[in-house]
Amino acid sequence: MTNLYLLFVATLIVPGATLAQAPAVGPPALCTDRPSKATSACTVPKGMVQFETDLVNWTKSDVDGVRSDTILYTNPLLKYGLTTSTDIEASITPYQTIRTRTSSGVSSIHGIGDLFLRVKQRLTASDAKAQFAVEPFIKIPTAKLGIGNRKVEGGLVGTGVFSLPRGFSVTITPEIDDLENANLDGHHAQLVGAVDVGKALSSKLAASAELWTAQNYDPGGHVRQYSADLSLAYLATPILQLDVGTNIGLNRSTPGLQAYAGVSTRF
């Protein structure tokens, strides 16, 4: 009764006062799938929208005397929190250029990229030391032939994120894709994997080093790709992240160099 009386008096003297006010609890800090190739296990908070994009993305490839440069002029990914553990995602490159140089000259192709639709389902608590998620996706062929293959393709991504002492984390992302054959006469599998080691350098800055591979089992020839990737992410505000990174090809089948800078935010 004494506590209730004191609360009544306090309310009369100071409108809105209580005996013990709990601190306001806001949405969690921004968590993104950028900048590494590994996929995070986190999802966008329910009812919120998240935007992640390259500002510029340049890839260089040299194979048998053929030099190719691919430039993406932004590469937006839009996410919406459907539930507390599920989000839906859409991504498309609005404009890109592929420039090819050979001994006979230079050719270029320009245009929109393919549309990717995804659903990410987190399987564990958002604050768990080990988090897991699955993410099926489908590719809608919106790109012209030469940029894309004009075929519907899809796949399934799984991910596990493990928090370690001293600000370290390890992310493991296996993936299986159902791709059209190079001669467009059927489908084959591609296995993709990434192992990423992250380190929080401060409350705002994080670095990561990653090994990535793709094993493409096209009937016309098995293509093996490997890369070593480095990136930095800076959390300018709780809902604004800036990042830069580079991916270095480790064999002839992998583009020799990829460099990018990007931004992510939520609203």
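Up top is the structure these notes are about.
Quick summary incoming for the structure in this document. Source: prediction; values computed, not measured. (Residues numbered from 1 in each chain as written. Predicted model: local features only at pLDDT ≥ 70, side-chain atom pairs only at ≥ 80, totals over all residues. Heavy atoms only, no water.)

## Considering the packing of aromatic side chains
How two aromatic rings sit relative to each other is set out by the distance from centre to centre and by the angle between their planes. This is how the line gets drawn: By convention, a stacked pair of Phe, Tyr or Trp rings (six-membered ring in the case of Trp) has centres within 6.5 Å and planes under 30 degrees apart, an edge-to-face pair has planes over 60 apart, and any other such pair is tilted. We count a stretch as a helix when DSSP gives it H or I for four or more residues in a row; a strand needs E for two or more, and each element gets its number in order from the N terminus. With a 1.4 Å probe rolled over the protein chains alone, any residue whose accessible area is under 20% of its type maximum counts as buried; one over 50% counts as exposed, and the rest are partly exposed.
With the rule as written, the count across this model stands at 3 aromatic pairs. Taken together, a centroid distance of 6.4 Å and an interplanar angle of 45° make the contact between Phe116 and Phe137 tilted. With Phe116 in strand S7 (residues 115-122) and Phe137 in strand S8 (residues 130-140), this residue pair connects regions lying 21 residues apart in the sequence. By relative accessible area, which is 25% here, Phe116 ends up partly exposed. Their ring planes at 80° and their centres at 5.6 Å tell us that Phe132 and Phe162 sit as a pair that is edge-to-face. Of this pair, Phe132 sits in strand S8 while Phe162 sits in strand S9 (residues 153-163); the two residues are 30 residues apart in sequence, bridging distant segments of the chain.

## A word on the side chain of Thr93
Basically, it comes down to this: Throughout, a contact is declared for two residues whenever any of their heavy atoms are within 4.5 Å.
With respect to the helices and strands, the residue Thr93 is situated in the loop between strand S4 (86-91) and strand S5 (96-102). Take Thr93: its relative accessible area is 7%, and that puts it in the buried class. In contact with Thr93, not counting residues within four places along its chain, are Leu72, Thr74, Asn75, Ile112, Gly113 and Asp114.

## Points about the pairing of S7
Put simply, the rule is: Strand pairing is assigned whenever DSSP identifies at least 2 bridges connecting the two strands.
Of the pairings in the sheet, the one linking S4 to S7 comprises 6 bridges and is antiparallel in character. Along S7, the bridge assignment pairs Asp87 with Lys120. For S7 and S8, the ladder comprises 6 bridges, and the chain directions are antiparallel. Bridging from a neighbouring strand, Phe116 pairs with Lys139 of S8.

## Structural notes on the pattern of salt bridges
Rule in force here: What counts as a salt bridge is simple: a side-chain nitrogen of Lys or Arg found within 4 Å of a carboxyl oxygen of Asp or Glu.
Evaluated as defined, the whole model comprises 12 salt bridges. Here Arg34 makes a salt bridge to Asp54, at a shortest N to O gap of 2.9 Å. Of this pair, Arg34 sits in the loop between helix H1 (2-13) and strand S1 (49-63) while Asp54 sits in strand S1, placing them 20 residues apart in sequence. Residues Asp64 and Arg252 are paired through a salt bridge, measuring 2.5 Å at the closest nitrogen-oxygen approach. Note that Asp64 is positioned in the loop between S1 and strand S2 (66-72) and Arg252 in the loop between strand S14 (240-249) and strand S15 (257-266), a separation of 188 residues in sequence. Residues joined by salt bridges that share partners form a network here, namely Asp33, Glu52, Lys79 and Lys120.

## What to know about the nonpolar core
The nonpolar side chains of a soluble globular protein tend to be buried, and buried together. Using the following cut-off: The set of buried Ala, Val, Leu, Ile, Met, Phe, Trp, Tyr and Cys residues whose side-chain atoms join them within 4.5 Å is what this entry labels a nonpolar core.
Formed by Ala38, Val192, Ala194, Trp212 and Ala214, the largest nonpolar core amounts to 5 residues. Within the residue set of this core, elements represented by two or more residues are strand S11 (187-200) and strand S12 (205-218).

## Notes on the pairing of S4
Across 5 bridges, the pairing between strand S3 (residues 77-81) and S4 is antiparallel. Each residue of the ladder has a partner; that of Lys79, found in S4, is Glu89. Once S3 ends, the chain turns through 4 residues before running back antiparallel as S4.

## What about the layout of surface pockets?
What counts here: We place a 1 Å grid over just the protein atoms. Points where a 1.4 Å probe fits but has no way out form a cavity, open points with protein on both sides within 12 Å along at least 5 of 7 lines form a pocket, and any residue with an atom within 4 Å of a point lines it. Grid points are joined across faces, edges and corners, and a volume is the space filled by probe spheres set on the points. Only Asp, Glu, Lys and Arg are considered charged, only Ala, Val, Leu, Ile, Met, Phe, Trp, Tyr, Cys and Pro nonpolar, and every remaining residue, Gly among them, polar.
The calculated volume of the second largest pocket comes to roughly 1,300 Å³. Broken down by secondary-structure element, the contributors of at least two residues to the lining of the second largest pocket are S9, strand S10 (168-180), S11, S12 and strand S13 (221-237). The dominant element in the lining of the second largest pocket, judged by the number of residues it contributes, is S13, at 5 residues. Split by residue class, the lining of the second largest pocket holds 22 nonpolar, 19 polar and 8 charged.

## Looking at the side chain of Lys139
Test applied: Distance and chemistry together define a polar contact, namely a pair of N or O atoms within 3.5 Å, with one atom able to donate a hydrogen and the other to accept it when in protein, and with adjacent residues in sequence counting only for side-chain atoms on both sides.
Considering the arrangement of structural elements, one finds Lys139 in strand S8. Reaching out from Lys139, the side chain makes a polar contact with the side chain of Asn149 at a distance of 2.9 Å. Dropping the residues within four chain positions of it, Lys139 is found in contact with Asp114, Leu115, Phe116, Asn149, Lys151, Val152, Glu153 and Gly154.

## Some details on the state of the cysteines
What counts here: Only a pair of cysteine sulfur atoms within 2.5 Å qualifies as a disulfide here.
For the structure shown, the criterion picks out 1 disulfide. There is a disulfide in this structure between Cys31 and Cys42, and the S-S distance comes to 2.0 Å. Sign of the S-S torsion, about -90° for the bond between Cys31 and Cys42, identifies this disulfide as left-handed. In this pair, Cys31 is assigned in the loop between H1 and S1 and Cys42 in the loop between H1 and S1, connecting sequence segments 11 residues apart. According to the relative accessible area criterion, Cys31 is partly exposed, its value standing at 34%. What makes Cys42 buried here is its relative accessible area of 13%.

## Remarks on the environment of Thr86
With respect to the helices, strands and loops of the structure, Thr86 is situated in strand S4. Filtering out sequence-adjacent residues up to four positions away, Thr86 remains in contact with Thr43, Tyr80, Gly81, Val119, Lys120 and Gln121.

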